[in-house]
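Residue strings, one per chain:
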Amino acid sequence: MTFRSIPEEEISRFIHWAHEAGRLGLMMCSSGNLSHRFDDGSMLISATGSWLGSLNADQISHIRIDDGTILNGVRPSGEIAMHRTIMEQRPDIDTILHFQSPAATTLACLPEETNYNVIIEVPVYIGAVGRVPFIMPCSQMLADAVGHEIKRCSLVQMQNHGQVVCGKGYESTVQKAVFFELASTIILKSGKRALIIPEEGVEQLKQYNASDHSC
Ligand SMILES: [Zn+2]
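Peer 1: Could you give me a rundown of the overall build of the chain, with the residues and numbers involved?
Peer 2: When its secondary structure is counted, the chain shows seven helices and seven strands. The order of α-helices and β-strands along the chain, N terminus first, is α-β-β-β-α-β-α-α-β-α-β-β-α-α. In terms of overall size, the chain behaves like a compact globule, its C-alpha atoms giving a radius of gyration of 17 Å where 215 residues would be expected to give roughly 17 Å. With respect to the three principal axes, the spread of C-alpha positions in the chain is 50 × 30 × 30 Å. Long-range pairs, those at least 24 residues apart, make up 66% of the contacts in the chain between residues at least 6 apart in sequence. Carbon and sulfur atoms make up 54% of the accessible area of the chain, which amounts to about 9900 Å² in all. Averaging the coordinates of the 17 positive side-chain charges in the chain and doing the same for the 24 negative ones gives two points 4 Å apart.

Printed below as a string of structure tokens:
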């Protein structure tokens, strides 16, 4: 597989973080997908049907973001419209992870809104959390709904589906997903009785991460 204009070490880095996302339990089997943008207006995205936890170089699609042209002959994830829309809406980020971790996805299935501010990492690293109703996966309609929410936050809950998170760099993006799953687990394990960080504390904590608190 050749990736025009993408250095070998960038392919290795993409694979490393796909494996990390799997190892950290952020998705099972073929659910979830990862993308990463480059300065030339292209992005890498995991291939349709691929398992992030065991991804290899033949399962990475190279795409031109503005028109969706496939540059290396590998079919991208079915959620390509969502990834392209987020990349267009958020020029400040370069990495997107669509995941489906158990506790967070459980909360995405509940009818009521959830306040996720039960651990300091939520306001510090994630900020506000968006939410969209059930919309068919892989559709442009879902891409548009998520694209609208992601303008004001970096993580969106998709009802009956999973989560999408974006950030600058692989590490910070994956970290947001892990902390979100931890907060969701605490909320569920406490029977939804976990105390919420007081509002003034949340506001102060958001300032801790001034470089990436677009929420
Ligand atoms: Zn999906």
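And the narrative resumes.
Peer 1: Now, about helix α1 (residues 8-23): what can you tell me, with residues and values included?
Peer 2: Between the first and last C-alpha of α1 there are 23 Å, a value that for 16 residues agrees with the 22 Å anticipated at 1.5 Å per step. Buried within α1 we find E10, I11, F14, I15, W17, A18, E20 and A21. Tucked into the core, α1 has its buried residues touching β1 (33-37), β2 (42-46), β3 (60-64), β4 (95-99) and α6 (170-189). Positive backbone phi, approximately 75°, marks G25, located one or two places after α1.

Peer 1: Describe the pairing of strand β7 (residues 162-167), listing the residues and the values that go with them.
Peer 2: Burial of β7 is extensive: six of the six residues sit out of reach of the surface. Of the two faces of β7, both are covered, the one formed by G162, V164 and C166 as well as the one formed by Q163, V165 and G167. As paired elements, β4 and β7 share five bridges and run antiparallel to each other. Each residue of the ladder has a partner; that of T95, found in β7, is G167. As defined by bridge partners, strand β6 (residues 155-158) adjoins β7 across four bridges and the pair is classed as antiparallel. Counterpart to Q157 in the pairing with β7 is Q163.

Cut-offs used in this document
- Residues numbered from 1 in each chain as written.
- Predicted model: local features only at pLDDT ≥ 70, side-chain atom pairs only at ≥ 80, totals over all residues.
- Heavy atoms only, no water.
- Helix = DSSP H or I, 4+ residues; strand = E, 2+ residues; numbered from the N terminus.
- Rg over C-alpha atoms; globule rule 2.2 N^0.38 Å.
- Contact = heavy atoms within 4.5 Å.
- Areas by Shrake-Rupley, 256 points an atom, 1.4 Å probe, with all protein chains shown as cover.
- Lys, Arg positive; Asp, Glu negative; His and termini not counted.
- Charge placed at Lys NZ, Arg CZ, Asp CG, Glu CD.
- Expected span 1.5 Å × (residues − 1).
- Buried < 20%, exposed > 50% of the residue type's maximum accessible area, 1.4 Å probe, protein only.
- Pairing = 2+ DSSP bridges.

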